[in-house]
Amino acid sequence: MLSNHFQNGMETARLVWSRLPNSEEGELDEVGISKKSDYSGVESLDYEVIENYAYREEQEKRGRFFVGYQVSLKWFLALLIGIGTGLAAIFINISVENFAGWKFALTFAIIQKSYFAGLLIYVFFNLALVFSSVYIVTHFAPAAAGSGIPEIKGYLNGIDVHGILLFRTLVGKIFGSIGSVGGGLALGKEGPLVHIGACIASLLGQGGSTKYHISSRWLQGFNSDRDRRDLVTCGCAAGVAAAFRAPVGGVLFALEEVTSWWRSQLMWRVFFTSAVVAVVVRTAMAWCRSGKCGHFGAGGFIIWDISDGQEDYSFVELLPMAIIGVIGGLLGALFNQLTRYITYWRRNYLHKKGARVKMIEVCLISIITSAISFGLPLLRKCSPCPASEVDCPNPPGMYGNYVNFYCRNDKEYNDLATIFFNTQDDAIRNLFSAKTIHEYSAQSLLTFLVMFYSLAVVTFGTAVPAGQFVPGIMIGSTYGRLVGMFVVSFYKKPNIEEGTYALLGAASFLGGSMRVTVSLCVIMVEISNNLKFLPLIMLVLLISKAVGDAFNDGLYEEQARLRGIPLLESRPKYQMRSMTAQEGRRSRKVISLPRVIKISDMVSILRSNKHNGFPVIDHTRSGETLVIGLMLRSHLLVLLQSKVDFQHSSLPSDSRGGSFPIRHNNSEFIKPVSSKGLSLDDIHLSHDDLEMYIDLAPFLNPNPYIVPEDMSLTKVYNLFRHLGLRHILVVPRPSRVLGLITRKDLLIEDDDDSEMELQSTSSPTP
């Protein structure tokens, strides 16, 4: 009874929250977004193994040596993915740190003479970097905008968004991230690194980019959607590992958040890739400590070490820590809701006006951000340096902790400038720092929280590469430190550290916004280098996620829905429990193809609809209709383009008792990654070609997944998501049973494990 009331209350809160704003046009659903879904820029992926005659013939030709080569190549590609992603992260971090260092050094040098001149230099420096980022995205790589995580999550869920894994997207993501983050926008580079890792993995799997003449044929062993999915999963984990120096967190993030299909062989390769990234990043940091990386120095890559912080915590501290979780859930849900409506307005009104408007929008946000971050510290009074701090303040013209900005006394510092005039990594390190009680005033933290939260909401969704991990940590650590200041003054215990509450606040906001728990918990422990905080981080994450779930979905799910990516979530909708497969199928008529079809009829069918799967039917000698398989649209287009299987007769090609003539290999049917593939308009057929026939039996999938018409739609949903399917045939209930297969029947003793490895790791699919 109590649980039912609680569930009803959660649903009511969600409904009330989601109906706050109302759109003025079109029919809206329960969250204010138009019911009409636009899936024109996406296409489902074919993860299913199509066991046609061409596939079986190819499998028979493969021996044990080929199987060993395939497995070795997968491990070698995992190594290359780790190295490539680590090098990309190093390049981005060094570039951002150096641009920020030059910007702050030049600004501090000029403000010694004129604050107005320093403001102009600061604004124009940021504007130049941001302009370079938005120009790259709008004119070179449109798919590089945003974090890329919703698109990659959709890809691993079975949806391919055109252009997301191309070489130009990779280049645009790298250089665009440098410009947007180095330009001081309220964005992070960690989300784009996940997209960068996925792009590197996909490009390595297909041997490079043929368009830009950067390719290697000996790497082209994994072009199928099924194999490419495994590589992209490795790339996602590598991106998180490179962004946070958290290899275990990267593995768990790929498992928990982005992928919907997992197996043990993939786990080992993902773990190996993340370990390689950790080694590459640590090697680069050791090299940079010698001063060879300019302003990078010993900072840069995220590990906000607070191992010397609070040693223990008391039971009475759990209440304010729980309050931090509640605040994180509320602010995270509000962030998701605000960014959703702003993104919706931006997509349907502002961005429809062209690339010039996108560039003007980002440049205006850059100017406003720079003016606010430069002007607000001028309004704050400087604070006297603590007697225990020898290095307070920093020398004029230097940035870091205890920044002297517009202070008349040499022994004073500006606490608000300490946050603003630093890279985000250094600012978070200052907020997390221990033994720095009373470094920040409550007024400064509250001012920064309101300003940065507002800028993050407005900036997220613009036409630049944008991550939300580090901005979320910035927001959470700010209000977490505010709560910590209250706890210190209320309990008056010397062992309580404000930095501990800043860490918990960061975890709570990320949990309330992104709704990630296990992987985020491990990431926060790895970046803080303090295992003692694990129970506390678990507590605030569980509370913030529960509170956020009462109002809306996670950030990535909301953004994926806005981008028209039809994700299949981990749980089916409640309404599906009372629906059957027959009720869940589309009302449009199923279009079937005969086994032997005339070319003109095939062209007519392909032109008259946009279906991607066609059941193929044949007839027995008694005239009974049989469904002999499923034919994909992309395969039909390949057959039409090649023309080698055309025949003059309308009889099956094996009607004389012979075997099917196979003139194709599986690689011919593979669609290039993140592209629209072959179109009917690209195929030129003569009048004589249209009068010929083709037998579809050698090329169809003879064993598609089939469900009875009265199966629960919930079961169909789970089958579809867990197996990564694209089509399921709904048929009447069978008239008889041929046999039963139990678990015992599947426990086959086989000394030759190579066949199992071949089927599970290197099965090519069209």
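Analysis parameters
- Residues numbered from 1 in each chain as written.
- Predicted model: local features only at pLDDT ≥ 70, side-chain atom pairs only at ≥ 80, totals over all residues.
- Heavy atoms only, no water.
- UniProt positions renumbered as here; feature names shortened; annotations may be inferred.
- Helix = DSSP H or I, 4+ residues; strand = E, 2+ residues; numbered from the N terminus.
- Contact = heavy atoms within 4.5 Å.
- Areas by Shrake-Rupley, 256 points an atom, 1.4 Å probe, with all protein chains shown as cover.
- Axes fitted to C-alpha atoms, helices over the stretch in contact; angles between N-to-C directions.
- Parallel < 35°, antiparallel > 145°, perpendicular 65-115°, else oblique.
- Nonpolar A, V, L, I, M, F, W, Y, C, P; charged D, E, K, R; others polar.
- Core = buried A, V, L, I, M, F, W, Y, C linked by side-chain atoms within 4.5 Å.
- Buried < 20%, exposed > 50% of the residue type's maximum accessible area, 1.4 Å probe, protein only.
- Pairing = 2+ DSSP bridges.
- Salt bridge = Lys/Arg side-chain N within 4 Å of Asp/Glu carboxyl O.

- Identification of the chain as Chloride channel protein from Beta vulgaris subsp. vulgaris is taken from an unreviewed UniProt entry.
- For the record of the chain, the UniProt heading Subcellular location (unreviewed entry) holds the text "Membrane".
- Reading the Sequence similarities (unreviewed entry) entry of the UniProt record for the chain gives the comment "Belongs to the chloride channel (TC 2.A.49) family."

**Concerning the overall build of the chain**
Here's step 1: Along the backbone of the chain there are 27 helices and 13 strands.
Here's step 2: Sequence-distant contacts in the chain: of pairs separated by 6 or more residues, those separated by 24 or more amount to 79%.
Here's step 3: Of the roughly 34,900 Å² of accessible surface on the chain, a fraction of 60% belongs to carbon and sulfur atoms.

**Concerning the packing of helix 12 (residues 355–379) against helix 15 (residues 442–459)**
Here's step 1: Taken N-terminus to C-terminus, the directions of helix 12 and helix 15 make an angle of 175 degrees; their axes are 11 Å apart at the nearest point. Classified by the angle their axes make, helix 12 and helix 15 are roughly antiparallel. Contacts between helix 12 and helix 15 involve Ile365, Thr369, Ile372 and Leu376 on the former and, on the latter, Thr447, Met451, Leu455, Val458 and Thr459.
Here's step 2: Looking at the contact of helix 12 with helix 15 residue by residue, the classes come out as 6 nonpolar, 3 polar and no charged.

**Remarks on the nonpolar core**
Here's step 1: Among the nonpolar cores identified, the biggest contains 124 residues, and Tyr155, Leu165, Phe244, Phe421, Met524 and Ile537 are the most heavily contacted of them.
Here's step 2: Setting aside its immediate chain neighbours within four residues, Met524 contacts Leu503, Ala506, Ala507, Leu510 and Ile537.
Here's step 3: Counting 24 residues, the second-largest nonpolar core is a separate cluster that includes Ile597, Ile605, Val616 and Leu680.

**Points about the sheet that holds strand 7 (residues 593–594)**
Here's step 1: With mixed pairing, the 3 strands of this open sheet are ordered in space as 7-9-10. Unpaired on one side and paired on the other, strand 7 and strand 10 (625–632) mark the two borders of the sheet.
Here's step 2: Sheet topology note: the strand 9 (residues 613–619)/strand 10 ladder contains 7 bridges and is antiparallel. For His619, the partnering residue across the bridge sits in strand 10 and is Thr625.

**Notes on the pattern of salt bridges**
Here's step 1: Per the counting criterion, the structure on display carries 23 salt bridges.
Here's step 2: In this structure, Asp46 and Arg726 form a salt bridge, with 3.0 Å as the shortest nitrogen-oxygen distance. With Asp46 in the loop between strand 1 (42–44) and helix 2 (53–61) and Arg726 in the loop between helix 25 (713–723) and strand 13 (729–731), this residue pair connects regions lying 680 residues apart in the sequence. As far as burial versus exposure is concerned, Asp46 and Arg726 are alike and both buried.
Here's step 3: Asp549 serves as the salt-bridge partner of Lys545, at 2.7 Å between the closest nitrogen and oxygen. Taken together, the residues Lys545 and Asp549, both in helix 19 (residues 534–549) and 4 residues apart, mark about one turn of the helix.
Here's step 4: Where salt bridges share partners, they join Arg340, Asp553, Glu558 and Arg561 into one cluster.

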